Amino acid sequence: MQALSQSPTDPAFVQDPYPFYHRARAAGDLFLWEDYGQLAAAGYAQVKRLLKDRRLGREMPADLAPPVPERLQPFYDVEAHSMLELDPPRHTRLRGLVLRAFTSATVEAQRPAIEALCTDLIARFPSGPFDLLEAFCRPLPVITIATLLGVDTARAPDLLAWSNAMVGMYQAGRTREMEEAAIAATQAFTAFLAEEITRRRASPSDDLISQLIAAEAEGEKLTAAELTSTVILLLNAGHEATVHSLGNGIKIIFEHELAAHASSTENAPLLTEEILRHAPPLHIFERIAREDFEIYGHHLKRGQRISCLLAGANRDPDAYPDPDSFNPTRRGPSNMAFGAGLHFCVGAPLARLELQIALPALFTACPGLTLAEPPLYAPVYHFHGLEKLIVTA
């Protein structure tokens, strides 16, 4: 097995990690990423197989889990009930309850509200250069998910700030300051949701929180802790990936002079999939061995971590011809932007719907939209999104 070194905080890598992913695929089915000290896979077939292998999960076996520092306990108390971090049978139960409320009909019902929100946000664009991330890409997903959940959209700035702080816990090179911000955000978020959930229990309405409270399977419902963790997960994941996908997609549309193509709603589904393939918002999803077993000729030990490089899989030439080129009419296998297997993203349909509505709305309403300065990716990993997107309308 080949060992490769690449600092995840190297500025050049953050701006363009794909040369490393190509090198990683050439190293074999699995390679050792020295900077993380763990195995990783960057090929499409390999990543898909790992994500679907039931011998790999998300939970560290209890007897192997390191102790959580007391100061970080509030964050991990929430994580302990997040279906993203759980394996069956708890994951099966939680995901089933969420899916009973978060149906395709629930998502599709958001279409008129998303269309109206796009129109409203675009109407507020200033006349001079402005940051499209702040004016459009960030508020659209957070207001959408807040509306779906039944949360007062006036609190959207708080939700955004709390989510951004909590996501810092997953970044390479996180600092003590980032950890403290995440804990403060977790506590504020939890307190806010406790009030929301209490209010909804007393007076249910036609929103996702009320539906989650009512969701029941075989006599079981979400506990208070599970409900809080689930709503935080839906809010955080429900907008974080969409913000990055929108920003990355608009950057690509500018770079390839595809504004006219992007203005058509008919082109939106394939365009959206190619954006998600070419510039996914999340680059790594980690798995943990639930038992000792052998795969690709390597023996994995129980509790051993392995990284699935989603973005590497999306640029695999064995899955996508000429993978580094952006082809807005490309057809091919399902991309790995939202993962695969048991933990395939619950919010993927909503994220896709938002992109398919937002991109045509933006480029139809603003045919003269142009970049005012070259966009750069934010200096973080393993999320991949722009720092800012300065444009003129």
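Scroll up a little and you will see the structure.
In this text the structure is predicted, and so the values were computed from the model without any measurement.

With respect to the pairing of strand β3 (residues 38-41)
Then comes step 1: Of the two faces of β3, the one holding Q38 and A40 and the one holding L39 and A41 are both buried throughout.
Then comes step 2: Sheet topology places strand β2 (residues 31-33) next to β3; three bridges connect them, and they run antiparallel. Looking across to β3, one finds that W33 is bridged to Q38.
Then comes step 3: As consecutive antiparallel partners, β2 and β3 are separated by four residues, and within that stretch G37 has a phi angle of approximately 70 degrees, a positive value.

A closer look at helix α3 (residues 44-52)
At 3.6 residues per turn, the α-helix brings residues three or four places apart onto the same side.
Then comes step 1: Turning to α3, its buried residues are Y44, Q46, V47, L50 and L51. Looking down the long axis of α3, one finds its buried residues gathered within 170 degrees of arc, a one-sided arrangement.
Then comes step 2: Contacts made by the buried residues of α3 are with β3, β4 (56-57), β6 (284-289), β7 (293-295), β9 (305-309) and α16 (310-313).

Some thoughts on the environment of A65
Then comes step 1: Residue position: A65 is located in the loop between β4 and α4 (73-79).
Then comes step 2: A65 sits in the partly exposed class, given a relative accessible area of 37%.
Then comes step 3: Sequence separation of A65 and T272 is 207 residues, and the distance between their C-alpha atoms is 39 Å.

A few points about helix α11 (residues 176-202)
Then comes step 1: For α11, spanning 27 residues, the distance from its first C-alpha to its last is 39 Å, which sits close to the expected 39 Å at 1.5 Å a residue.
Then comes step 2: For α11, the set of buried residues is E179, A182, I183, A185, T186, F189, F192, L193, E196, I197 and R200.
Then comes step 3: For α11, the elements touching its buried residues are α4, α9 (139-149), α10 (156-167), α12 (208-214) and α13 (224-255).

About the thresholds
- Residues numbered from 1 in each chain as written.
- Predicted model: local features only at pLDDT ≥ 70, side-chain atom pairs only at ≥ 80, totals over all residues.
- Heavy atoms only, no water.
- Buried < 20%, exposed > 50% of the residue type's maximum accessible area, 1.4 Å probe, protein only.
- Helix = DSSP H or I, 4+ residues; strand = E, 2+ residues; numbered from the N terminus.
- Pairing = 2+ DSSP bridges.
- Arc of directions from axis to C-beta.
- Contact = heavy atoms within 4.5 Å.
- Expected span 1.5 Å × (residues − 1).

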